[in-house]
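Listed below, chain by chain, are the residues.
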Amino acid sequence: MSFNHAVVWIDHHEAHIIHFNADNSTLEKIKTNSKEAHLHHHRGTLGSGKAETSQSYLHEVVTCIAEAKEILVVGPGSAKLELIKHVHHHDPHVAQKILGVETVDHPTDPQLLAYAKKCFLRIDALKGDDF
């Protein structure tokens, strides 16, 4: 079955990836192997005090969405932006398929799918495509 759309909800611990079309969807969850989400931060030092997101984790997410024709990336924090930077640096052919990046808290998977469908309907209407 072919799916034209994919939505990625990502944080520093896991990614929920839903491939879908108007009638069907599939869900995949990818967890990072990193145990460190926060580093001890000393006053007066540079940096955010957060561990960098694993490049292998980001690569695994990109591999999962690479076949989609249109991609929406969402999430609550900076992991979505780290994914975007990773894609632009390592996988520019996938970067061209990303049509939106939005801040979304912690939806359930059905809520995420409904949100993505609304977003793609809006995007497709602007482009004149059928969903």
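Here, the structure is the one placed above.
Residues numbered from 1 in each chain as written. Predicted model: local features only at pLDDT ≥ 70, side-chain atom pairs only at ≥ 80, totals over all residues. Heavy atoms only, no water.

J.: Before we move on, could you go through the overall build of the protein chain and cite the residues and values that matter?
T.: Helix and strand content of the protein chain: four helices and five strands. Starting at the N terminus and walking to the C terminus, you meet the elements of the protein chain as β-β-β-α-β-α-α-β-α. For the protein chain, restricting intrachain contacts to residue pairs at least 6 apart in sequence, the fraction spanning at least 24 positions comes to 62%. Element-wise, carbon and sulfur atoms account for 53% of the exposed surface of the protein chain, whose accessible area totals about 7,900 Å². (Helix = DSSP H or I, 4+ residues; strand = E, 2+ residues; numbered from the N terminus. Contact = heavy atoms within 4.5 Å. Areas by Shrake-Rupley, 256 points an atom, 1.4 Å probe, with all protein chains shown as cover.)

J.: Residue-level account of helix H1 (residues 55–65), with values.
T.: In an α-helix there are 3.6 residues to a turn, and that puts residues three or four apart on one side. Turning to H1, its buried residues are Tyr57, Leu58, Val61, Val62, Cys64 and Ile65. Down the axis of H1, the buried set is contained in an arc of 160°. They therefore lie on one face. Exposed side chains of H1 directed beyond 90 degrees from the buried face belong to Ser56 and Thr63. Check the buried side of H1 and you find it contacts strand E1 (5–10), strand E2 (14–20), strand E3 (25–31), strand E4 (70–75), helix H2 (79–90) and helix H3 (92–95). (Buried < 20%, exposed > 50% of the residue type's maximum accessible area, 1.4 Å probe, protein only. Arc of directions from axis to C-beta.)

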